[in-house]
Amino acid sequence: MPDFFIIPYQHVWICPGIKIAIAILTVLWLFILFLTSMTKANHTIRLVTTGITLLIFSAFLYPLHAQRKPNMIIFLADDLNQQDIGAYGNREVKTPNMDQLAKEGMRFNNAYAASSMCTPSRSAMFTGLYPFRNGAQMNHFTVHAGIKSLPHYLQQQGYRVVISGKIHMAPLENFPFEHIGKEFGQYSPVENRLDRKKETVRAIETHFNQHPEQPICLVVAPGYPMYPGFLTETLIPPN
């Protein structure tokens with residue numbers, strides 16, 4: 001798996017205040033060079049003024065190198081069809097939160113699951129390998145011994161890697177997530193799939209209270225909306 005979790009320096013997000021400061025320093029530097037050239041100042045003075053400006057400039061850039069790794073939240077639905085989401089054109093199923101995420105972020109119009117089954121699809125997603133490569137080609141199959149997954153790579157980068165709800169991958173030593181909210185991932189009763197105990201919310205609150213400096217990757221994986229679902233009667237509108 002490539003090290004795509006390490007953000008290249010040129011792609012680091014810079015807050016607007018730092019951008020403005022960099023712009024001002026750049027203009028100041030050019031202005032100083034212009035003045036020294038107009039007044040015919042000697043070469044030493046020009047070097048000193050340029051050096052001081054660059055030192056100040058570097059002081060603003062230094063925090064970018066030390067910026068914390070980003071926290072990640074991955075929402076993983078169970079058997080959710082792309083066409084069941086409002087952001088992808090469905091006008092009957094109401095998905096306002098996902099629609100808002102798509103509006104503020106991006107949509108993937110050419111993204112495909114590695115398999116139409118749960119275990120192969122999840123195993124491929126977290127190992128970065130197609131099912132025929134990692135060994136989990138059917139539901140309830142296990143990946144090959146020695147196959148590494150997302151937690152292995154992120155833990156090396158200092159992340160706490162947590163999954164809330166359903167796993168459905170094996171063996172667990174190949175997927176060393178910290179597992180919370182196991183009830184949240186069960187199919188029945190239906191109410192469990194709504195995270196009644198607020199496992200995910202409590203995990204986030206606890207983490208940032210106790211380990212605010214450690215980056216976290218949280219996978220929210222309910223057993224929803226997969227069948228068995230709500231009673232058929234509840235889906236039939238009244239006459």
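Keep in mind it's a predicted model, so treat the numbers as computed, not measured.

Q: How would you explain the overall build of the chain if you had to name every residue and give the values?
A: Regarding its fold elements, the chain presents 8 helices and 4 strands. Walking the chain from its N terminus toward its C terminus, one meets helices and strands in the order α-α-β-α-α-α-α-β-β-α-β-α. Expressed as a percentage of its 239 residues, the buried residues of the chain come to 31%. Contacts in the chain between residues at least 24 apart in sequence constitute 57% of all its contacts with a sequence separation of at least 6. Accessible surface for the chain amounts to roughly 16,100 Å². Of this, 62% is attributable to carbon and sulfur atoms.

Q: I'd like a description of helix α4 (residues 118-127), backed by residues and values.
A: Taken across its 10 residues, α4 has 9 buried, putting it largely inside the fold. Taken as a whole, α4 has its buried residues at C118, T119, P120, S121, R122, S123, A124, F126 and T127. The positive-phi residue at the C-terminal boundary of α4 is G128, with phi of around 80 degrees.

Q: Please set out the side chain of N174 residue by residue, giving values where relevant.
A: Examined against the element boundaries, N174 turns out to sit in the loop between β2 (160-165) and β3 (178-180). A distance of 3.3 Å separates a polar side-chain atom of N174 from the backbone oxygen of H144. When residues no more than four places from it in sequence are discounted, the contact partners of N174 are V143, H144, A145, G146, I147, S149 and H152.

Q: Tell me about the sheet that holds β3, and please be specific about residues and values.
A: A sheet is described by the order of its strands in space; here 4 strands give the open sequence β1-β4-β2-β3, paired in parallel fashion. Bordering the open sheet on either side are β1 (72-75) and β3, each of which pairs with just one other strand. On average, each strand axis in the sheet is inclined to that of its neighbour by 20 degrees, with strand direction left out of account. As paired elements, β2 and strand β4 (residues 216-221) share 6 bridges and run parallel to each other. Paired with S164 across the strands is V220, a residue of β4. Taken strand by strand, helix α7 (residues 199-210) contacts β1, β2, β3 and β4, and its axis lies near 175 degrees from that of β4.

Q: Mind laying out the side chain of R160, listing which residues take part and the relevant values?
A: Looking at where R160 falls in the secondary structure, it is placed in strand β2. Only 2.7 Å separates the side chain of R160 from the side chain of E178, close enough to count as a polar contact. Here R160 is in contact with E178, H207, H211, Q214, P215, I216 and C217, once residues within four sequence places are set aside.

Q: Please set out the nonpolar core residue by residue, giving values where relevant.
A: Ranked by internal contacts, the top residues of the largest apolar core, which has 18 residues, are F126, L154, F177, C217 and V219. When residues of this core are traced back to their parent elements, those giving at least two are α6 (150-156), β2 and β4. With 3 residues, β4 is the single largest residue contributor to this core. The contact partners of F177, leaving out residues within four places of it in the chain, are F126, L150, P151, V161, V162, I163, M169 and V219. Counting 7 residues, the second largest nonpolar core, distinct from the first, contains V162, I180, A203 and V220.

Q: Give me unusual backbone geometry: which residues, what numbers.
A: The phi torsion of most residues other than glycine is negative, and most of the peptide bonds are trans. With omega at -10 degrees, the peptide bond leading from A170 into P171 counts as cis. Among the secondary structure elements, P171 is positioned in the loop between β2 and β3. Across the junction of Y224 and P225, the peptide omega takes the value 10 degrees, indicating a cis bond. Here P225 lies in the loop between β4 and α8 (232-235). The phi dihedral of H140 falls on the positive side, at around 75 degrees, and the residue is not glycine. In this fold, H140 is placed in the loop between α5 (131-134) and α6. The exposure class assigned to H140 is exposed, which follows from its relative accessible area of 65%. You will see that H168, though not glycine, has its phi angle at about 55 degrees, which is positive.

Conventions used here
Residues numbered from 1 in each chain as written. Predicted model: local features only at pLDDT ≥ 70, side-chain atom pairs only at ≥ 80, totals over all residues. Heavy atoms only, no water. Helix = DSSP H or I, 4+ residues; strand = E, 2+ residues; numbered from the N terminus. Buried < 20%, exposed > 50% of the residue type's maximum accessible area, 1.4 Å probe, protein only. Contact = heavy atoms within 4.5 Å. Areas by Shrake-Rupley, 256 points an atom, 1.4 Å probe, with all protein chains shown as cover. Polar contact = N/O pair within 3.5 Å; in protein donor to acceptor, adjacent residues only side chain to side chain. Pairing = 2+ DSSP bridges. Axes fitted to C-alpha atoms, helices over the stretch in contact; angles between N-to-C directions. Core = buried A, V, L, I, M, F, W, Y, C linked by side-chain atoms within 4.5 Å.

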